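Summary of structural features
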Amino acid sequence: MELIDIGVNLGSQQFKKDLDDVMARARAADVAGMVITGTSLAGSLRALEIARGADDLWCTAGVHPHDAKTWSDSSAITIRKLCADSKVVAVGECGLDFNRNFSEPEAQRAAYSAQLGIAAETSLPVFLHQRDAHDEFFSTLKDAWPDLGGGAVVHCFTDGPAEAEAYLELGCYLGITGWVTDARRGDALRRAVPLIPDERLLLETDAPYLMPQSIRPRPKSRRNEPMHMIEVARAVAELRGQAIEEVAALSTANARHFFALTAGGR
Ligand SMILES: [Zn+2]
């Protein structure tokens, strides 16, 4: 079986001490590729540095809505430059997060729109983040859609059937994390997962965040790792009434196609 983790924050401080072990454990657990999320300028540079280290690693380049307050014209220049590297397979993560508003909504809007513009210019896919901001996020995306030649993935999709239908109708891929293993918090998502067509499904851990709730015995550490991709795949397979092997095969094929993954770059 082969799995591809399309959203893993390997540049996180939490992986600093044992990154090589974390990647080795993932590879031993059927993870055939990892797309490292860039969430800030420094974070995107770090993601690229890691991605350059192996043929089964790629990365995104972007500024997360939490960091949108740092966005400036020079950020756009840096992201554009990073996008010229063949290891950078998407613009983002970018979007809107009105859940905690670590950056003012106005700053979030500016950074989101600018990065949609870079995705349009470069024809790279865009790696999107949305939390508690669906309506505005979606309408901005819809306006930009005709220019987004590389398509879009709504990463860590956590909403329900109505939101899923809207994104799918537009043409987005949906990235599903271990949120799906949370029976209480993940209820809406669990109802949406069976509605995703085979060809739009992507899987991710969002590690070190979102430890799957399904691991037994419960891990002592709260740090999620890409080796837990299997937990995400298993939960998604159960909800969709598919074999885990089938979900692994189709989501891996989707990831390779969507990000145009090839050894050494895109
Ligand atoms: Zn995110």
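Everything quoted here is computed from the prediction, not taken from an experiment.

This next bit is on the pattern of salt bridges. Applying the stated criterion across every chain yields a total of 15 salt bridges. Of the charged contacts, one joins Arg25 and Asp18 as a salt bridge, the two residues approaching to 3.7 Å between their closest N and O atoms. Of the charged contacts in the structure, one is a salt bridge between Glu231 and Arg234, with a shortest N-O distance of 3.3 Å. Of the two residues, Glu231 and Arg234 both sit in helix α8 (residues 229-240), three residues apart, roughly one turn of that helix. Classification of Glu231 as buried rests on a relative accessible area of 12%. On the basis of relative accessibility, which here comes to 38%, the residue Arg234 falls in the partly exposed class.

With respect to the helices and strands, Met23 occurs in helix α1 (residues 19-28). What makes Met23 buried here is its relative accessible area of 7%. C-alpha of Met23 to C-alpha of Glu163: the two residues are 140 residues apart in sequence and 33 Å apart in space. Ignoring anything within four residues of it in the chain, the contact list for Met23 reads Leu10, Met34, Ile50 and Leu57.

Burial within strand β1 (residues 3-8) is extensive, with six of its six residues counted as buried. Two elements, β1 and strand β2 (residues 31-36), share four bridges in a ladder whose sense is parallel. Considered in β2, the bridge of Ile4 is made with Gly33. The parallel pair β1 and β2 is bridged by α1, and the resulting crossover is right-handed.

This paragraph deals with the layout of surface pockets. Computed from the structure, the largest pocket encloses a volume of approximately 720 Å³. What lines the largest pocket is a set of 25 residues, among which Asn9, His64, His66, Asp206 and Tyr209 lie closest to the centre. Considering each element in turn, the lining of the largest pocket owes the most residues, three residues, to strand β5 (residues 126-131). Class assignment for the residues of the lining of the largest pocket results in five nonpolar, 13 polar and seven charged. Quantified by volume, the second largest pocket comes out at close to 410 Å³. For the second largest pocket, the lining is made up of 16 residues, of which Tyr209, Leu210, Met211, Gln213 and Arg222 are closest to its centre. Taken together, the residues of the lining of the second largest pocket break down into seven nonpolar, five polar and four charged.

The next point concerns the UniProt feature "binding site: a divalent metal cation 1" (unreviewed entry) in the protein. According to UniProt, the positions carrying the feature "binding site: a divalent metal cation 1" (unreviewed entry) are Glu93 and Asp206. These annotated residues cover 114 residues of sequence, and their C-alpha atoms lie no more than 11.6 Å from one another, placing them together at a single site. Those annotated residues lining the largest pocket are, specifically, Glu93 and Asp206. Note that Glu93 resides in strand β4 (residues 88-97). Those residues within four positions of Glu93 in sequence are excluded, and the remaining contacts are Thr37, Gly38, Thr39, Thr60, Gly62, Val63, His64, Gln115, Phe127, His129 and His155. Positionally, Asp206 belongs in the loop between β8 (201-203) and α8. Residues in contact with Asp206, not counting those within four places in the same chain, are Asp5, Gly7, Asn9, His155, Cys156 and Thr177.

Looking now at the coordination of the zinc ion. Only Glu93 (OE), His129 (ND1) and His155 (NE2) from the protein coordinate the zinc ion, and they sit 2.1 to 2.2 Å from it. The sequence pattern formed by the donor residues of the zinc ion is E-x35-H-x25-H. On the criterion of sequence distance, the pair formed by His129 in strand β5 and His155 in the loop between β6 (152-154) and α6 (161-170) is long-range, its members being 26 residues apart.

Thresholds, definitions, all that
Residues numbered from 1 in each chain as written. Predicted model: local features only at pLDDT ≥ 70, side-chain atom pairs only at ≥ 80, totals over all residues. Heavy atoms only, no water. Salt bridge = Lys/Arg side-chain N within 4 Å of Asp/Glu carboxyl O. Helix = DSSP H or I, 4+ residues; strand = E, 2+ residues; numbered from the N terminus. Buried < 20%, exposed > 50% of the residue type's maximum accessible area, 1.4 Å probe, protein only. Contact = heavy atoms within 4.5 Å. Pairing = 2+ DSSP bridges. Right-handed = clockwise from strand over helix to strand, strands pointing away. 1 Å grid on protein atoms, 1.4 Å probe; cavity = no way out; pocket = protein on both sides within 12 Å on 5 of 7 lines; lining within 4 Å. Points joined across faces, edges and corners; volume = space filled by probe spheres on them. Nonpolar A, V, L, I, M, F, W, Y, C, P; charged D, E, K, R; others polar. UniProt positions renumbered as here; feature names shortened; annotations may be inferred. Donors = N, O, S within 2.8 Å, 3.2 Å for Na, K, Ca; no water.

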